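Residue-level structure breakdown
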Amino acid sequence: MNIFSGLEKIVETKHPLIKETWYGLGGPADYLIRPQTTDQLQNVVKRCNDNNIPIYVLGFGSNLLVADEGVRGAVIQLKTENFSQMNFTREQVSAGAGVELGRLLLTCAKKGLSGLEPLAGIPGSVGGSVRMNAGGNFGDIGAVVESVTLMDKDGRIFQKSKPELQFDYRRTNITARFILEAKINLAQGNPDQITRNIKEIWVFKKNNQPLNTINSGCIFKNPRGLSAGAMIDRAGLKGLQMGGAVVSEKHANFIIARKGCTSKDVMRLIDLIREKVRNQFNLELELEIEIWK
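First things first, this report covers the structure right here in the doc. What you see is a predicted model, and the numbers here were worked out from it, not measured in a lab.

1. Quick word on the overall build of the protein chain
Broken down by element type, the protein chain carries six helices and 20 strands. Against the compact-globule benchmark of 19 Å for 293 residues, the protein chain has a radius of gyration of 20 Å, which places it among compact chains. Here the C-alpha coordinates of the protein chain stretch approximately 55 × 55 × 35 Å along the principal axes. In the protein chain, which comprises 293 residues, the proportion classed as buried is 49%. Put simply, of all contacts in the protein chain between residues at least 6 apart along the chain, 65% involve residues at least 24 apart. Split by element, the accessible area of the protein chain, about 14300 Å² in all, is 47% carbon and sulfur. Counting 38 positive and 30 negative side-chain charges, the protein chain places the averaged centre of each group 2 Å from the other.

If you want it as structure tokens, here you go:
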């Protein structure tokens, strides 16, 4: 019997995940599933649970490295129309997990709604951005998120709001498997000024990060009060190469994938960087990127 009988339209088998990540690396998933409704998502989760199939949740793959062997389990992506809606009420927007962050920023700018400008230049989906509290030097998304709609591993849907909902550097206290929607509080502003702010932040990042290369953003979290990129640079690791993976000369917290690069190359380079920094500074770098093995 087909585990996902009746759901063939939303289920792909042996789907190559290189198409779904910014790195463009890694092997296939046993199943790639894109539910069109919440009911379908609950149905998929139940079938996975009943058949002991591991579940992975995929956003836009901007901070993800998939092993060359691929993923044994079901990769669920909330990217369909139902999960990509934006609804505005005065100075608040309800954004589905599958909304692309850049699209949300530009839509808010056109409507004269300010608050998301610090996220300019950060790729990914709303769901993934909330999960990891995406941000940078100018601020993070947690500062404006008021509440989230969640679904746990058993298919139960519930909401979590501030102050119960807490954000910290590159993490939240969300433990539920799925983020379905986020309510974001914004402020009235001048559309032209908001757009200018977005452009200024994007230009700053373009000048300081290797945006024109194949990468997945920052590899390591910044240790408290320190810069991971600066420490990697001080360890003399800029330009360090392992196979097709190389530490960026522009920003040492980025690993660039060159022609012929494999996920194993990136993983080996990550291990070597951590070892060198540990030996020189007696400090363990924590991953910001997610690795699926």
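2. Quick notes on the sheet that holds strand S18 (residues 245-247)
Strand pairing in a sheet is mediated by backbone hydrogen bonds. Such pairs are either parallel or antiparallel. In spatial order, the strands read S17-S18-S19; together these three strands make up an open sheet with antiparallel pairing. With one partner strand each, in any of the chains shown, strand S17 (241-242) and strand S19 (255-257) form the two edges of the open sheet. As judged from the two bridges shared by S17 and S18, these two strands associate in the antiparallel manner. Counted as the bridge partner of Gln-241 is Val-246 from S18. Its contacts with the sheet place helix H6 (residues 263-281) against S17, S18 and S19, and it is angled at close to 35 degrees to S18.

3. Observations regarding the side chain of Asp-265
By the secondary structure assignment, Asp-265 is in helix H6. The buried charged residue Asp-265 lacks any salt bridge, with Arg-268 as its nearest oppositely charged partner at 4.0 Å. Among the polar contacts made by the side chain of Asp-265, one reaches the main-chain amide nitrogen of Gly-244 at a distance of 3.1 Å. In this structure, Asp-265 is in contact with Met-242, Gly-243, Gly-244, Ala-245 and Gly-260, ignoring residues within four places of it in sequence.

4. Quick notes on the environment of Glu-100
Assignment of secondary structure puts Glu-100 in the loop between strand S7 (92-96) and helix H2 (101-110). Residues Glu-100 and Pro-123, 23 residues apart in the sequence, show an inter-C-alpha distance of 7.8 Å. Among residues more than four places away in sequence, those in contact with Glu-100 are Phe-60 and Gly-124. Of note is the side chain of Glu-100, whose polar atom sits 2.7 Å from the backbone nitrogen of Arg-103.

5. Examining the nonpolar core
Core analysis: the largest hydrophobic core is formed by 34 residues, its most contacted members being Leu-104, Leu-116, Val-130 and Ile-184. Breaking this core down by element, the ones donating at least two residues are S7, H2, helix H3 (126-131), strand S11 (145-151), strand S15 (178-185) and helix H4 (191-208). In this view, Leu-104 contacts Met-86, Val-93, Ala-95, Val-99, Leu-116, Val-126 and Ile-184; residues no more than four positions away in its chain are not counted. Listed in part, the 27 residues of the second largest apolar core include Ile-232, Leu-237, Ala-257 and Met-267.

6. A short note on the environment of Thr-149
Take Thr-149: it is sitting in strand S11. With relative accessibility at 14%, the residue Thr-149 sits in the buried group. Taking the C-alpha atoms as reference points, Thr-149 and Gly-96, 53 residues apart in sequence, are found 9.2 Å from one another. In this structure Thr-149 touches Ile-157, Phe-158, Gln-159, Phe-178, Ile-179, Leu-180 and Glu-181, once residues within four positions along its chain are discounted.

Basis of the calculations
Residue positions are counted from 1 within each chain, in the order its sequence is given. Local features in this predicted model are restricted to residues of pLDDT 70 or higher, and side-chain atom pairs are both shown and tallied only at a pLDDT of 80 or more, whereas totals for entire chains, interfaces and linings draw on every residue. By convention in this description, side-chain values take in all heavy atoms of the structure and omit both hydrogens and water. Strands are runs of DSSP state E lasting at least 2 residues, helices are runs of H or I lasting at least 4, and numbering of each runs from the N terminus. In this description the radius of gyration comes from C-alpha coordinates, and the expected globular size is given by 2.2 Å times residues to the power 0.38. The rule is simple: take the accessible area with a 1.4 Å probe, protein chains only, and divide by the maximum for that residue type; under 20% is buried, over 50% is exposed, in between is partly exposed. Contact definition: two residues touch when any of their heavy atoms are within 4.5 Å. Accessible surface is estimated by sampling points in the Shrake-Rupley manner with a 1.4 Å probe; for residues, cover comes only from the protein chains shown. Only four residue types enter the tally: Lys and Arg on the positive side, Asp and Glu on the negative side, with His and both chain ends excluded. Charge placement uses NZ in Lys and CZ in Arg. For Asp and Glu, CG and CD serve respectively. A pair of strands is considered paired only if DSSP assigns at least 2 bridges between the two. Convention adopted: a line fitted to C-alpha atoms gives each axis, helices being fitted over their contacting stretch, and angles between N-to-C directions are expressed from 0 to 180 degrees. Whenever a carboxyl oxygen of Asp or Glu lies within 4 Å of a side-chain nitrogen of Lys or Arg, that contact is scored as a salt bridge. Any pair of N or O atoms that falls within 3.5 Å is considered a polar contact. Within protein, one atom must be able to donate a hydrogen and the other to accept it, and sequence-neighbouring residues count only if both atoms are side-chain atoms. We call a set of buried residues a nonpolar core when its members are Ala, Val, Leu, Ile, Met, Phe, Trp, Tyr or Cys and they connect through side-chain atoms within 4.5 Å of each other.

Such coordinate-based values are descriptive only and should not be taken to indicate function.
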